[in-house]
Amino acid sequence: MSARVLVGVKRVIDYAVKIRVKPDRTGVVTDGVKHSMNPFCEIAVEEAVKLKEKKLVKEVVAVSCGPQQVQETIRTALAMGADRGIHVEVSGKDYETLGPLQVSKILAALAKKEQADLIILGKQAIDDDCNQTGQMTAALLDWPQGTFASEVNIEADKLKVVREIDGGLETIKINLPAVVTADLRLNTPRYATLPNIMKAKKKKIANVKPADLGVDVSSRLEVLKVDEPPQRQAGVKVETVHDLVGKLKEAGRI
Amino acid sequence: MVLSCSVCDVIVLPFICIFKARRCIRALKAVRAEHVAPQVYSTRWSSSTVPRITTHYTVYPRDKDPRWEGMEMERFADEADVVIVGGGPAGLSAAIRLKQLANQHEKELRVCVVEKASQIGAHTLSGACLEPTALNELIPDWKERGAPLNTPVTEDKFAILTEKYRIPVPILPGLPMNNHGNYLVRLGHFVRWLGEQAEELGVELYPGYAAAEVLFHEDGSVKGIATNDVGIGKDGSPKDVFERGMELHAKVTLFGEGCHGHLAKQLYKQFNLRENCEPQTYAIGLKELWVIDEKKWRPGRTEHSVGWPLNRNTYGGSFLYHLNEGEPLVALGFVVGLDYTNPYLSPFREFQRWKHHPSIMSTLEGGNRIAYGARALNEGGFQSIPKLTFPGGMLIGCSPGFMNVPKIKGTHTAMKSGMLAAETAFSKITDENLQSETAGLYIPEYKEALEKSWIWKELYAVRNIRPSFHNYFGLYGGMLYTGIFYWFLRGKEPWTLKHNGLDSAQLKPAKDCAPIEYPKPDGKISFDLLSSVALSGTNHEHDQPPHLTLKDDSVPVAQNLAIYDGPEQRFCPAGVYEYVPLETGDGMRLQINAQNCVHCKTCDIKDPSQNINWVVPEGSGGPAYNGM
């Protein structure tokens with residue numbers, strides 16, 4: 001098959017790190033904090049590489065939007081098996097306000113430019129939990145979408161996707177080209193081993209600016225302030241149901 | 001009138017011998033206790049009654065394991081000129097120096113650094129008050145290059161604390177704890193900057209890959225290292241994603257793993273490097289970063305204390321540094337010598353308790369804690385420096401241990417040792433007429449260079465300060481010794497005091513000691529262990545064999561719990577070790593929460609049964625310190 005897969009990877013603060021709000025309440029502290037590839041993006045890369053190993057696709061291209069540091073994330077994707085990378089340079093204020101709408105415009109433009117047949121993304125990023133980029137990208141391209149995928153199979157010209165939904169599992173068949181977003185149970189990502197990291201240094205990462213793709217990255221959203229969640233208050237133990245009802249009434253809950 | 005003590009083999013002057021006597025008797029008791037324990041229990045307890053804890057292949061080899069039959073165990077190998085284990089101050093200084101020399105002499109040199117942390121600086125933890133001597137030699141234009149030395153020391157305070165009061169002690173010029181000319185730094189950020197300098201020079205940095213195994217040539221010299229395998233399940237069996245680590249071969253391998261490195265531990269045995277030195281002694285340092293009320297912030301102020309809450313026979317003290325990095329940040333911490341004798345002592349809880357001292361609370365009130373971490377540090381100094389070179393390799397930095405204990409500074413000496421190792425290695429590697437006897441290069445010139453350098457003079461001068469605490473008056477005896485001998489003689493006294501022996505042999509049985517009543521954490525100044533561990537950002541892939549391996553799974557309950565009431569549940573600053581009741585009801589078992597580990601190495605050092613062997617987990621696991 002001559003298909004080309006575009007995989008989006010996002011560099012996010014590592015999930016085990018304790019987040020701290022910046023003193024000026026405009027965001028969270030990111031300087032020096034441990035970052036890694038978004039776990040759902042790892043699953044997306046793994047799925048793309050698996051498809052390449054099954055010879056169902058020809059080339060896997062990893063894409064990331066952000067400042068210089070995202071090149072590390074692209075290298076990890078290359079070490080996992082992607083063939084080449086594209087770094088869309090967005091930095092400073094633009095990067096702080098970069099959201100799903102701008103990213104999906106960038107991905108749509110790249111998909112047309114690279115003539116991709118399939119876009120695989122993580123279902124959401126663990127820093128903003130938006131769960132919008134995949135869906136918006138599909139809409140902008142007017143492509144079908146298979147979101148929350150826990151199983152993906154290529155059958156002839158179509159994609160069979162098993163989706164995780166509230167009620168259970170839903171199986172759909174969609175035409176290619178399409179957008180798929182990866183859910184947790186899709187696969188177990190492989191490790192980026194050291195020999196592969198060394199080989200990845202030789203793989204190409206192209207640099208592109210959003211303007212080159214005709215995309216305006218200015219945001220229509222303004223963050224007013226960011227606060228820590230309220231401190232968890234201690235609970236109160238009561239002796240009888242009567243007391244409980246009394247306390248709930250006091251708190252205005254009933 | 002000079003006597004020679006028959007037990008500890010040291011020449012003593014009359015008035016010191018009184019202090020020594022108690023130490024000799026303690027040393028004798030320790031030797032006796034060491035021999036009693038193992039034999040009694042290994043014959044009485046069978047492993048079938050003890051739940052299986054350890055599954056690591058270093059204890060249960062895979063070539064005898066049926067689950068590993070037929071697995072592909074070949075490793076990809078690559079060649080470099082020098083491989084450096086550990087991306088800390090020593091390792092990076094060595095890498096930078098090598099590349100500087102290579103560029104200067106227009107030679108090609110491939111230098112690879114492997115580091116177990118996910119990013120350079122993420123496992124670095126120190127006070128820290130940096131003496132810029134080594135940095136000035138390595139990168140003289142560090143200021144123009146943006147090195148994060150933003151806080152020169154402006155005020156230096158030292159005090160003895162009692163439960164309610166603070167007794168200031170004047171720091172006379174010439175005493176080791178004088179900090180004029182030094183900088184307060186966030187060492188993690190400094191190490192990160194060193195990493196950037198190294199990369200600019202062409203060093204290959206590989207964070208996220210741990211050196212798990214030392215490789216040997218047929219002639220016994222060191223060939224290089226192999227990085228950790230990935231994809232081994234918690235029960236020790238291979239997972240679908242299993243992949244072997246990679247071999248990095250080098251002409252010479254520099255080992256800069258920091259205090260109590262696990263590969264260094266192996267090398268000591270392999271090459272008998274410790275036969276002519278004293279055992280290393282250690283302390284544990286716990287540290288927090290706080291954003292305090294601006295009104296209380298005094299950038300450049302350095303405060304140290306000794307005394308409360310530790311008793312006079314437990315070595316330790318505190319530090320509190322006001323950093324100047326934009327926001328009102330203080331770095332504070334507590335150090336406890338690991339030769340403490342009471343198994344009920346918890347270094348973490350001593351630290352939390354110390355913060356409630358009126359003089360400390362006044363600084364912290366209204367502030368916010370933003371980081372926590374812990375790490376063991378060396379206290380052995382001059383007497384504990386092992387043999388540093390062996391065919392194919394060299395030891396650098398805190399791994400062999402060059403810390404100046406009374407100054408509580410080891411970064412400058414670690415960096416200098418890395419630089420000297422680099423210089424001697426470079427001459428040997430580029431020597432075209434070299435006829436090496438072994439496949440891995442043997443470079444004894446490194447030791448000679450160290451002996452001629454300021455490191456040696458510095459460590460020799462302060463060699464007697466730490467051991468001088470081993471007397472009846474403990475802290476006060478030590479301070480007296482320092483005040484008299486060091487201040488007047490600067491270490492020129494002709495005798496060299498000895499340490500007390502292994503830290504792990506110092507614990508007294510629990511029945512001979514009184515439990516310590518620690519106050520409950522108040523959630524504002526002092527905190528509980530688990531919320532502290534969460535702040536370190538530590539994490540490990542949970543489905544891997546616990547990297548805190550036990551040589552014998554039955555020893556913790558049979559010995560550590562039975563005799564010492566399980567001291568590991570108290571000295572571990574991350575809550576890794578817990579004694580929980582057995583599901584069957586009667587008796588306890590040890591539960592190892594390996595995911596919490598912050599890689600401090602205290603358990604490997606202090607375990608009275610020396611049953612715990614810390615090995616490196618999958619790379620990228622461990623704490624995520626940011627500028628600690």
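Residues numbered from 1 in each chain as written. Chains lettered and ligands numbered in written order. Predicted model: local features only at pLDDT ≥ 70, side-chain atom pairs only at ≥ 80, totals over all residues. Heavy atoms only, no water.

What follows is about the overall build of chain B. Counting its regular elements, chain B contains 15 helices and 28 strands. Taken against the 2.2 N^0.38 rule, which gives 25 Å for 628 residues, the C-alpha radius of gyration of chain B at 24 Å falls within 12% of a compact globule. Each principal axis of the C-alpha distribution contributes one length, and for chain B these read about 65 × 65 × 60 Å. Going through the 628 residues of chain B one by one, you find that 62% of them count as buried. Of the contacts made within chain B by residues no fewer than 6 positions apart, 78% connect residues no fewer than 24 positions apart. Taken as a whole, chain B presents about 25300 Å² of accessible surface, with 54% of it coming from carbon and sulfur. Averaging the locations of the 65 positively and 71 negatively charged side chains of chain B gives two centres separated by 9 Å. (Helix = DSSP H or I, 4+ residues; strand = E, 2+ residues; numbered from the N terminus. Rg over C-alpha atoms; globule rule 2.2 N^0.38 Å. Buried < 20%, exposed > 50% of the residue type's maximum accessible area, 1.4 Å probe, protein only. Contact = heavy atoms within 4.5 Å. Areas by Shrake-Rupley, 256 points an atom, 1.4 Å probe, with all protein chains shown as cover. Lys, Arg positive; Asp, Glu negative; His and termini not counted. Charge placed at Lys NZ, Arg CZ, Asp CG, Glu CD.)

Within chain A one finds seven helices and 11 strands. With the principal axes as the frame, chain A shows a C-alpha extent of 70 × 40 × 40 Å. When burial is assessed residue by residue, chain A has 47% of its 254 residues classed as buried. For chain A, the accessible surface area stands at approximately 13800 Å², while carbon and sulfur atoms represent 51% of it. If the 39 positive side-chain charges of chain A are averaged to one point and the 34 negative ones to another, these points end up 4 Å apart.

With an omega of 0°, the peptide bond running from Leu-176 of chain A to Pro-177 of chain A counts as cis. Position of Pro-177 of chain A among the secondary structure elements: in the loop between strand 9 (168-175) and strand 10 (178-182). Unlike most non-glycine residues, Gln-115 of chain A shows phi in positive territory, near 55°. Following the sequence through the fold, Gln-115 of chain A ends up in the loop between helix 4 (100-114) and strand 6 (118-122). One non-glycine residue, His-599 of chain B, lies in positive phi territory at about 60°. Within the secondary structure, His-599 of chain B is located in the loop between strand 27 (588-592) and helix 15 (602-606).

Contact with chain B, which involves 29 residues of that partner, is made by 22 residues of chain A. Of the roughly 2200 Å² buried between chain B and chain A on both sides combined, carbon and sulfur atoms contribute 58%. When the buried area of chain B at its contact with chain A is split by residue, Tyr-206, Tyr-209 and Val-241 of chain B rank highest and sum to 23% of it. Counting the contacts that link chain B with chain A gives one salt bridge. Arg-20 of chain A is paired through a salt bridge with Glu-327 of chain B; the nearest N and O atoms lie 3.2 Å apart. Run the count over chain B and chain A and you get seven residue pairs in polar contact (both at pLDDT 80 or more). (Buried area = accessible area lost by both parts, 1.4 Å probe. Salt bridge = Lys/Arg side-chain N within 4 Å of Asp/Glu carboxyl O. Polar contact = N/O pair within 3.5 Å; in protein donor to acceptor, adjacent residues only side chain to side chain.)

What follows covers the pattern of salt bridges. When the charged atoms of two side chains with opposite charge come close together, those side chains can pair. Residues and elements named next belong to chain B. The full count for this structure, using the stated rule, is 52 salt bridges over all chains. Among the ionic pairs, Glu-583 bridges to Arg-589, the shortest N-O distance being 3.6 Å. What emerges from the salt-bridge pattern is a single network uniting Glu-155, Lys-157, Arg-166, Arg-301 and Glu-303.

Moving on to the sheet that holds strand 12 (residues 211-216) of chain B. Residues and elements named next belong to chain B. With mixed pairing, the four strands of this open sheet are ordered in space as 3-16-13-12. The strands lining the two open edges of the sheet, one partner per strand, are strand 3 (77-79) and strand 12. Strand-to-strand, the axes of this sheet are offset by a mean angle of 25°, without reference to chain direction. Summarising the sheet, strand 3 and strand 16 (residues 247-249) pair through three bridges and their orientation is parallel. (Pairing = 2+ DSSP bridges. Axes fitted to C-alpha atoms, helices over the stretch in contact; angles between N-to-C directions.)

Residue and element names in this part refer to chain B. In terms of burial, strand 19 (residues 301-307) is largely enclosed, as six of its seven residues are buried. Relative to strand 19, strand 8 (residues 155-161) runs parallel, the two being bridged by seven bridges. Its bridge partner being in strand 19, Asp-156 is matched across the sheet by Thr-302. As paired elements, strand 19 and strand 20 (residues 316-325) share four bridges and run antiparallel to each other. Bridged to Glu-303 within strand 20 is Leu-320.

On to the UniProt feature "transmembrane region" (unreviewed entry) in chain B. Per the UniProt record, "transmembrane region" (unreviewed entry) is found at residues 469-489 of chain B. Across residues 469-489 of chain B one finds 76% helix and 0% strand; the C-alpha atoms that close the span lie 18 Å apart. (UniProt positions renumbered as here; feature names shortened; annotations may be inferred.)

What follows covers the side chain of Arg-244 of chain B. Residues and elements named next belong to chain B. Relative to the helices and strands, Arg-244 is located in the loop between strand 15 (238-243) and strand 16. Take Arg-244: its relative accessible area is 18%, and that puts it in the buried class. A distance of 2.9 Å separates the side chain of Arg-244 from the backbone oxygen of Met-73, its partner in a polar contact. A distance of 2.9 Å separates the side chain of Arg-244 from the side chain of Asp-229, its partner in a polar contact. Excluding residues within four positions of it along the chain, Arg-244 makes contact with Arg-62, Glu-72, Met-73, Glu-74, Arg-75 and Asp-229.

Quick look at the UniProt feature "domain: Electron transfer flavoprotein alpha/beta-subunit N-terminal" (unreviewed entry) in chain A now. Feature annotation in UniProt places "domain: Electron transfer flavoprotein alpha/beta-subunit N-terminal" (unreviewed entry) on residues 25-217 of chain A, given in this structure's numbering. Along residues 25-217 of chain A the backbone is 32% helical and 30% strand, and the end-to-end C-alpha distance reaches 23 Å.

Here we take up the pairing of strand 12 of chain B. All names here are of chain B. As judged from the five bridges shared by strand 12 and strand 13 (residues 222-227), these two strands associate in the antiparallel manner. Bridged to Ala-211 within strand 13 is Thr-227. The turn joining strand 12 and strand 13, which pair antiparallel and follow one another in sequence, is formed by five residues; a positive phi near 90° is taken by Gly-220.

This part covers helix 13 (residues 555-564) of chain B. Residues and elements named next belong to chain B. The element helix 13 is extensively covered by neighbouring structure, given that seven of its 10 residues are classed as buried. Where helix 13 is concerned, the buried positions are Val-555, Pro-556, Ala-558, Gln-559, Asn-560, Leu-561 and Tyr-564. Once helix 13 ends, the next one or two residues include Asp-565, with phi positive near 55°.

All names here are of chain B. Topologically, Val-111 is positioned in strand 5 (residues 111-115). On the basis of relative accessibility, which here comes to 1%, the residue Val-111 falls in the buried class. Those residues in contact with Val-111 that lie beyond four places of it in its chain are Val-82, Ile-84, Ala-95, Leu-98, Val-203 and Glu-204.

Mapped onto the elements of the fold, Pro-230 of chain A is located in the loop between strand 11 (205-208) and helix 7 (241-250). Between the alpha carbons of Pro-230 of chain A and Pro-67 of chain A there is a distance of 32 Å; along the sequence they are 163 residues apart.

Looking now at a nonpolar patch on the surface. The grouping of Val-236, Val-238, Val-241, Leu-244, Val-245, Leu-248 and Ile-254 of chain A at the surface amounts to a nonpolar patch, some 590 Å² of accessible area in total. Along the chain, Leu-248 of chain A turns up in helix 7. (Patch = residues over 30% accessible without salt bridge, like charges linked within 9 Å, V, L, I, M, F, W, Y side chains within 5 Å.)

Residue and element names in this part refer to chain B. Here we have six strands laid out as an open sheet, ordered 11-5-4-17-24-23, and mixed in their pairing. At either margin of the open sheet sits one strand with a lone partner, and together these are strand 11 (204-207) and strand 23 (389-390). As judged from the four bridges shared by strand 4 (residues 82-85) and strand 17 (residues 252-255), these two strands associate in the parallel manner. Each bridged residue has a counterpart across the sheet, and for Val-85 the counterpart in strand 17 is Phe-255. Along the sheet face, helix 5 (residues 262-271) touches strand 4, strand 17, strand 23 and strand 24 (393-395) and points at about 120° away from the line of strand 24.

Let's shift gears to the packing of aromatic side chains. Using the criterion set out here, one finds 14 aromatic pairs over all chains in the structure. With 5.7 Å between their ring centres and 85° between their planes, Phe-348 of chain B and Tyr-372 of chain B make a pair best called edge-to-face. One end of the pair, Phe-348 of chain B, is in helix 6 (residues 347-354); the other, Tyr-372 of chain B, is in strand 22 (residues 368-378), and 24 residues separate them in sequence. Like Tyr-372 of chain B, Phe-348 of chain B is buried. Linked through ring pairs, Phe-216, Phe-255, Phe-271 and Phe-390 of chain B together constitute an aromatic cluster. For Lys-199 of chain A, the ring lying beneath its charged end belongs to Phe-76 of chain B, and the centroid distance is 5.5 Å. (Phe/Tyr/Trp six-rings, centres within 6.5 Å; stacked < 30°, edge-to-face > 60°. Lys NZ or Arg CZ within 6 Å of the ring centre and 35° of its normal.)

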